[in-house]
Amino acid sequence: MEESPREAWGPSTVWSSSRKARTGPSLASVLNDLPSAATLRYRGPGVPPWGTLAEDDGEGGSLQAFAETAQMESHPSRELPWPMQARRAHRKNQAREQLASGSESRATHWTRQLSRTKGKMKEGFQTIQPWAWTLKKIGGQFGAGTESYFSLLRFLLFLNVVASVIEVCMKLIPTWLEGAPPGPPGPNISSPCGSYTPHTQGLVTFPTQLFNLLSGEGYLEWSPLFYGFYPPRSNLAITYLCSVFVISFIYLLFILHRSVSGLKETLLAESEVLTSYSHRVFSAWNFGLCGDVHVRLRQRIILYELQVELEEAIARRHAAEQTLGQRAKVWSLRALLNLLVLALLGAAFYGIYWATENSMTLQETPPVQQTPLLKLLVDYLPSIFISVFNVVLPPVFKFITSLEGYTRSRQIILILLRTVFLRLASLVLLLFSLWNQITCGGNMEAEGCKACGYNYKELPCWETRLGQEMYKLVLFDLLMGLLVVMLVQFPRKILCGLCPGALGRLSGTLEFQVPDEVLGLIYAQTVVWVGSFFCPLLPLINSAKFLILFCLKKMTLFSIYSPASRTFRASTANFFFPLVLLVGLAISAVPVLYSIFLIPPSKLCGPFQGKLSIWAQIPESIDSLPQTAQNFLYFLGTQAFTVPLLIFSSILMAYTVALANSYGRLISELKRQIETEAQNKVFLAQRAVALSSTNRAL
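All of these numbers come straight from a predicted model, not from anything done at the bench.

Criteria and cut-off values
- Residues numbered from 1 in each chain as written.
- Predicted model: local features only at pLDDT ≥ 70, side-chain atom pairs only at ≥ 80, totals over all residues.
- Heavy atoms only, no water.
- Helix = DSSP H or I, 4+ residues; strand = E, 2+ residues; numbered from the N terminus.
- Contact = heavy atoms within 4.5 Å.
- Areas by Shrake-Rupley, 256 points an atom, 1.4 Å probe, with all protein chains shown as cover.
- Salt bridge = Lys/Arg side-chain N within 4 Å of Asp/Glu carboxyl O.
- Buried < 20%, exposed > 50% of the residue type's maximum accessible area, 1.4 Å probe, protein only.
- Disulfide = S-S within 2.5 Å.
- Phe/Tyr/Trp six-rings, centres within 6.5 Å; stacked < 30°, edge-to-face > 60°.
- Lys NZ or Arg CZ within 6 Å of the ring centre and 35° of its normal.
- Axes fitted to C-alpha atoms, helices over the stretch in contact; angles between N-to-C directions.
- Parallel < 35°, antiparallel > 145°, perpendicular 65-115°, else oblique.
- Nonpolar A, V, L, I, M, F, W, Y, C, P; charged D, E, K, R; others polar.
- Core = buried A, V, L, I, M, F, W, Y, C linked by side-chain atoms within 4.5 Å.
- Patch = residues over 30% accessible without salt bridge, like charges linked within 9 Å, V, L, I, M, F, W, Y side chains within 5 Å.
- Left-handed = near helix turned anticlockwise from the far one by under 90°.
- Polar contact = N/O pair within 3.5 Å; in protein donor to acceptor, adjacent residues only side chain to side chain.
- Lys, Arg positive; Asp, Glu negative; His and termini not counted.
- Charge placed at Lys NZ, Arg CZ, Asp CG, Glu CD.
- pLDDT = per-residue confidence, 0-100.

Structural notes on the overall build of the protein
In terms of helices and strands, the protein carries 27 helices and zero strands. For the protein, the share of sequence-separated contacts (at least 6 apart) that also reach a separation of at least 24 residues comes to 72%. Carbon and sulfur atoms make up 66% of the accessible area of the protein, which totals about 38,700 Å².

Pasting the structure below:
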């Protein structure tokens, strides 16, 4: 005898009584006890489930059904097998009843209201985020890895806009509050530290004007763009110096917040709690989607996630099946490839050091002085070497990494590490060469540095010179990006489309290289962090650059690039990209802090003229405060304050570690409960199958 659907889900009195008499609990009774059956039969709060009114005998069954429904509605909302909309309505009714009866305390009510307001503000902030739909479209068409690049670009644009506002409020506006700043020093003004004449005298030709725009010299050298423009005023000096620490603290907070959020996703991904295929297939769909476009985008995102999981599973299986000899061969190959990478990096660093050391010597030669274009090329020589190596070596690193046999996510991390070492180390090498020129190789007793503490003959305003170098790096990086798009990527795409034969295959299909693009962003942002003290408006220039870059990359992504044949896990990018940003922030802090504390400021320009160091302005300003304020500020630097603070921080850290361990044990216990629930469901399914087969046999 076959069961009808009505007999399977609705209890029939005659059928169930006859079956109970012979075989005990029936299949229908077992299935009706499952939460899924209650969900299927649910019709709404206060309404009996399907099958109760039609099949129960008389009024007693109806009353019993209403009693069961009322008993179910007395449970918390999260425990009810109802849709989300019904749960929200049920929770609101419960809150309204508790408030009317006075059983809820006022503190609990305000806590709930505050939490609800916070959630609404968070949702509102997410809705007003710029380019939210663009990022979603990019993630659906090109994968989460490409989306993470544009998300990082938007994040850096936000940081630069915030820094630009602070720079204007704490540097630019105070410069004019005490009157118009004085003009540049004249050619006849001299001091024991030489003379400084930033302006070009007489008529200036158009090529010279263009050269000044690209190099930051001439009329730009004495402008709010650079350090030397700001006059030596005590209030301005304090705000100028404090803005550096305020902006750095804001940078650190935002990057740490983004890193922690990415770390949570990475830990979940590595723990394999959310990476099972059943979770991707059955739990990753958003049933609130409306419209074919959103549905297709979500389908593509799930497809890319499954593709990443399958690729990494295949790579792990191949690694597990390797013999000892095969593993030794792989490790030997990796060692040789790493030696090749070190050799390439050494050659790049030597080229950058040579270009930086010889650029000033080449500028003094007569042919360079007589040819504006040649002078511009020599002036940009360090930037050209850095950009050429940053363009040529990353594809080589990518090819080398593909030979090492790692998974796609591990390859992305290795490419990022090698490329970020190339970019940041080249920047450090450039700064070291400039430091060598400013401090006479660290020998303050040398003839050029003995009088003023720095090389005043070649660099009368060394802060402006350092700002000009960072300004040129930012501009040249933008120009290189535009030239690569117009002269390489667009012609290559056209050639690939017009030549479907061997020539078209030779040109290849363009794929968006996330590691190279991300490292370009981090390198550009590190340059801005180094140069923002010496070029205060550099964050504003970088904001405009990132805005142009976002529009350009978006246009080229949809018109030139194809979806990547191999993707990687987005959680890896969301954690690793901010981590590399933190490394860049730490590296940029070293030259800035060294300049503030150890190198004497220029005697002919800037707000710190005549000081032994830039930091010396802070103790002088503290001495001008009332005695009570002085005692309090000096107390903050004594052991009486730092030792208790260290003890309190240690206790707080120990408490945090203990709390994290307890949470870890709780999570492990919850995982065991989930496993137990899964085993119970398997047992119920097996029991249902056994009952079904027994009933059919009878």
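Considerations on the pattern of salt bridges
Applying the stated criterion across every chain yields a total of seven salt bridges. Among the ionic pairs, E669 bridges to R672, the shortest N-O distance being 2.4 Å. Of this pair, E669 and R672 both sit in helix α27 (residues 639-697), three residues apart, roughly one helical turn. A relative accessible area of 34% means that E669 is categorised as partly exposed. Residue class for R672 comes out partly exposed when judged on its relative accessible area of 45%.

Side note on the side chain of T526
You can see T526 is positioned in helix α22 (residues 514-531). If sequence neighbours within four positions are ignored, T526 has contacts with L424, L427, G584 and S588.

Regarding the state of the cysteines
If you walk through the whole model with that rule in mind, you get one disulfide. One disulfide in the model links C461 with C605; its S-S distance is 1.9 Å. Handedness of the C461-C605 disulfide follows from its S-S torsion of about 95 degrees: it is right-handed. You can see C461 sitting in the loop between α19 (408-438) and α20 (462-498) and its partner C605 sitting in the loop between α24 (570-597) and α25 (617-623), a full 144 residues away along the chain. A relative accessible area of 0% places C605 in the buried class.

Describing the packing of aromatic side chains
All told, the structure shown has 21 aromatic pairs when counted by the stated rule. The structure contains a cluster of three or more aromatic residues connected by ring pairs, namely W176, W222, Y227, F229, Y230, Y240, W462, F533, F534 and F608. Over the ring of Y240 we find K171; its NZ or CZ atom is 4.2 Å from the centre of that ring. Looking at R334, its charged tip hangs above the ring of W331, at a distance of 4.9 Å from the centre.

A look at the packing of helix α9 (residues 132-142) against helix α10 (residues 144-177)
α10 packs onto α9 with a crossing angle of 155 degrees between their chain directions and a minimal axis gap of 7 Å. Here α9 is positioned roughly antiparallel relative to α10, judged by the angle of their axes. In contact with A132, L135, K136, I138, G139 and F142 of α9, α10 contributes A144, T146, E147, F150, S151 and R154. Grouping the amino acids of the contact of α9 with α10 by side-chain chemistry returns six nonpolar, three polar and three charged.

Some remarks on the nonpolar core
Among soluble globular proteins, nonpolar side chains are generally buried collectively. Membership of the largest hydrophobic core comes to 68 residues, with the highest contact counts inside it found for L427, M470, L473, F533 and F608. Beyond its immediate sequence surroundings of up to four residues, L427 is in contact with M470, L473, Y523, T526, V527 and V530. Core analysis: the next-biggest nonpolar cluster, separate from the first, contains 42 residues, F150, L156, I255 and L557 among them.

Brief notes about a nonpolar patch on the surface
Together, F245, L593, Y594, F597, L598 and W615 give the surface a local cluster of nonpolar side chains, amounting to about 530 Å² of exposed area. For the nonpolar patch, the element with the highest residue contribution is α24, accounting for three residues. With respect to the element layout, W615 can be found in the loop between α24 and α25.

Some thoughts on the packing of α22 against helix α23 (residues 538-559)
The interhelical angle for the contact between α22 and α23, taken along N-to-C directions, is 165 degrees, at an axis separation of 10 Å. Taken as axis vectors, α22 and α23 run roughly antiparallel relative to one another. Where α22 crosses over α23, the two elements pack in a sense that is right-handed. Where α22 approaches α23, its residues E517, L521, A524, Q525, V527, V528 and G531 are matched on the opposing element by L538, P539, N542, K545, F546, L549 and K553. Split by residue class, the contact of α22 with α23 holds eight nonpolar, three polar and three charged.

Overview of the environment of T197
Relative to the helices and strands, T197 is located in the loop between α10 and α11 (206-215). Put simply, T197 and G218 are 21 residues apart on the chain and 9.6 Å apart in space, counted from C-alpha to C-alpha.

Considering the side chain of E469
Its location among the elements puts E469 in helix α20. Residue classification places E469 among the buried residues on the basis of a relative accessible area of 3%. In this structure the side chain of E469 is engaged in a polar contact, spanning 3.2 Å, whose partner is the side chain of K472.

Quick look at a positive patch on the surface
A contiguous patch of positive charge, built from R88, R91, K92, R96, R116 and K120, is present on the exposed surface. Going through the elements one at a time, α7 (84-101) and α8 (106-127) are the ones with two or more residues in the positive patch. Element by element, the count of residues in the positive patch is highest for α7, at four residues. Its place among the elements puts R91 in helix α7.

A few points about the confidence of the model for the protein
Averaged over every residue, the pLDDT of the protein is 75; the share at 70 or more is 73%. The secondary-structure element of the protein with the lowest mean pLDDT is helix α1 (residues 5-9), recorded at 38, while α23 shows the highest, at 89. Below pLDDT 50 for its whole length, residues 1-24 participates in 24 contacts with residues either more than four positions away or in separate chains.

Focus: the environment of T239
Along the chain, T239 falls in helix α12 (residues 234-270). As a C-alpha pair, T239 and T175 span 64 residues in sequence and 10.0 Å in three-dimensional space. When residues no more than four places from it in sequence are discounted, the contact partners of T239 are M170 and P174.

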